[in-house]
Amino acid sequence: MAQPTAPGQTASVRTTHYFPENLPTSIRHFINGEFVDSLGGATFDVLDPVSNQTYATAAAGQKEDIDLAVRAATDAFRNGPWPRMLPRARARVLNRIADAIEAQDARLAELECFDTGLPITQALGQAQRAAENFRFFADLIVAQTDDAFSVPGRQLNYVNRKPVGVAGLITPWNTPFMLESWKLAPALASGCTVVLKPAEFTPLSASLWAEIFRDAGVPEGVFNLVNGLGEEAGDALVKHPGVPLISFTGETTTGQTIYRNCAANLKGMSMELGGKSPAVVFADADLDAAIDSTLFGVFSLNGERCTAGSRILVERSIYDDFCERYAARAAHIVVGDPHDPATEVGALVHPEHYDKVMSYVEIGKGEGRLLAGGGRPEGLPDWLAGGNYVSPTVFADVAPSARIFQEEIFGPVVAITPFDTEEEALALANGVKYGLAAYIWTSTLERAHRFAQSVDSGMVWLNSHNVRDLRTPFGGVKASGLGHEGGYRSIDFYTEQQAVHITLGEVHTARFGAH
Ligand code: NAD
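Every value quoted in this text rests on a predicted model; they were computed, and no experiment measured them. (Residues numbered from 1 in each chain as written. Predicted model: local features only at pLDDT ≥ 70, side-chain atom pairs only at ≥ 80, totals over all residues. Heavy atoms only, no water.)

Novice: Hey, could you go over the side chain of Glu180 for me, with residue numbers and the actual values?
Specialist: Considering the arrangement of structural elements, one finds Glu180 in helix α5 (residues 176-189). For the buried residue Glu180, which engages in no salt bridge, the nearest side chain bearing the opposite charge is Lys197, 9.0 Å off. Beyond its immediate sequence surroundings of up to four residues, Glu180 is in contact with Thr171, Leu196, Pro198, Ala206 and Trp209. (Helix = DSSP H or I, 4+ residues; strand = E, 2+ residues; numbered from the N terminus. Buried < 20%, exposed > 50% of the residue type's maximum accessible area, 1.4 Å probe, protein only. Lys, Arg positive; Asp, Glu negative; His and termini not counted. Salt bridge = Lys/Arg side-chain N within 4 Å of Asp/Glu carboxyl O. Contact = heavy atoms within 4.5 Å.)

Novice: Can you explain the packing of aromatic side chains? Please cite residues and give values.
Specialist: What the rule picks out here adds up to 19 aromatic pairs. Consider the rings of Trp182 and Phe474, whose centres lie 4.4 Å apart with planes at 80°: the pair is edge-to-face. Within this pair, whereas Trp182 is found in helix α5, its partner Phe474 is found in the loop between β21 (459-462) and β22 (481-482), the two being separated by 292 residues in sequence. Assigned by exposure class, Trp182 and Phe474 land together as buried. Seen from their ring centres, Phe299 and Tyr326 are 6.4 Å apart, and the 40° between their planes marks the pair as tilted. In this pair, Phe299 is assigned in helix α9 (residues 287-299) and Tyr326 in helix α10 (residues 316-331), connecting sequence segments 27 residues apart. The class for Tyr326 is buried, based on a relative accessible area of 0%. Linked through ring pairs, Phe30, Phe35, Phe134, Phe177, Trp209, Phe213 and Phe223 together constitute an aromatic cluster. Residue placement shows Arg90 over the ring face of Trp82; its charged tip is 6.0 Å from the ring centre. Looking at Arg447, its charged tip hangs above the ring of Phe282, at a distance of 4.0 Å from the centre. (Phe/Tyr/Trp six-rings, centres within 6.5 Å; stacked < 30°, edge-to-face > 60°. Lys NZ or Arg CZ within 6 Å of the ring centre and 35° of its normal.)

Novice: Before we move on, can you summarise the site of the ligand with the specific residues and values?
Specialist: If you check the shell around the ligand, you find 29 residues, and the closest are Lys197, Glu200, Thr254, Leu273 and Glu408. Between the ligand and Thr171 there is a distance of 2.8 Å, counted from an oxygen atom to a backbone nitrogen or oxygen. Take Gly230: an N or O atom from its main chain is 3.2 Å from an oxygen atom of the ligand. In isolation the ligand offers 860 Å² of accessible surface; the protein chains occlude 93% of this area. Those elements that place two or more of their residues in the shell around the ligand are α7 (230-239), β12 (245-249) and α8 (252-263). Ranked by residue count, the leading element in the shell around the ligand is α7, at four residues. Classifying every residue of the shell around the ligand by side-chain character gives 14 nonpolar, nine polar and six charged. Counting contributing residues, the shell around the ligand receives three or more from each of domain 1 (61-273 + 475-499) and domain 2 (275-435 + 437-462). (Near = heavy atom within 4 Å. Polar contact = N/O pair within 3.5 Å; in protein donor to acceptor, adjacent residues only side chain to side chain. Areas by Shrake-Rupley, 256 points an atom, 1.4 Å probe, with all protein chains shown as cover. Nonpolar A, V, L, I, M, F, W, Y, C, P; charged D, E, K, R; others polar. Domains from an automatic or database assignment.)

Here is the structure:
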């Protein structure tokens, strides 16, 4: 095995750990318009990923806390104004939410950066995207039209759209605030009331929603937040009979458990799950652009990105050149203090996740040729030494049967594999259980579309990456998800479409019992 080409660069402008001002030491639930502790007083510790020290305790929601939150959300749904407001009135509130997020994007970014270990510049982008999600759904509900079907002179049929009820929202720890906005914005836009269960690794930024919503005019009981562990608070939310739909983003195995648990009550489900997305680079691609994009695609957001292009398939004639240039760049990625604007890769979210990623790095050393990284970055200053740091790691010559080719690592680790023909590239791209995203790099128009239409993925980017128009469907196929959200599809998920039929003339009825 070759050794890494060079140690990762480290950012080290600061000399001590950055703590945001006014950091809370306790993180509470928000139920029926009030911050509260768990009824039984249970808590769990929250660590920051740079020091791995406990900086706060969070209320650990149990079944009785979920019951309380669902009761508040049900009352707000049945008796409160929110589901009955005109779309324009709800849209005004959503726009005020977007304004408030934008106004505090720097604060949001620093809290998110502190809690998740994401580089501050990338956390800022995610905060702005959260605001955009609210603005987008404000526009969408005002422009919403519904189907009407006329049978001339005989019948009129139209769709009466209604919010489903209390939506259960369960979210992961990667870009937590943005991913929460992705569910909260369409659920609230649709007139649902909600119970949010954020990820236990990163509960900090979710508390900000309470004040943002209250100040924007969201009535009490419409938004409820219960912190806690997945197996406790999450499980209770999924099994609660008063919650008719669950929107879940997280690991595929968790999605399978939730799917089973939703069956008892036949709940509506939307599942955004894991990925192992291919980036396919043909010899006729713009190689400079492909290298920039495939580096960003797997190393941005610390590699903790569901749509990460974590497998790169490269046509053999450019394979050696690609690997060499790619590894040289990966070795110079700046790893360090998440709060430093120069940092490109920060600290992984939690020691448990760090151990998982590191175990794959070790597995990879037996499965591929190590070209960069392969462990902790060298040269970290002492005050970062306790953090969850993994050097951007590149393995080449990875066989399709390798675990690092097949399994989601969710960290800064990439597998590169050569191919000879388009058919082989397609078989490699499709040869995993996941199907979230695919990235195709070629200058041949026909091939780009041919490949895009054949690849097993919910989303494809041609000669680009991850910039997404909010109107488009978002979601995966195979083990990457169930159902698509995005644009009107999200509104469809959070609403019932009731068909109303009106006969315009005499009603023709067979007169049973009349003869
Ligand atoms: P996870 O599945 O461990 O946890 C996600 C959420 O589910 C957390 O809030 C957790 O507390 C909760 N949970 C866990 N067990 C539960 C249970 N039995 N019942 C109810 N809730 C439960 O996922 P994670 O580690 O937080 O996030 C990383 C995963 O999320 C990766 O697999 C990533 O690909 C995926 N992800 C997918 C998308 C997408 O859009 N497809 C986006 C982001 C992340």
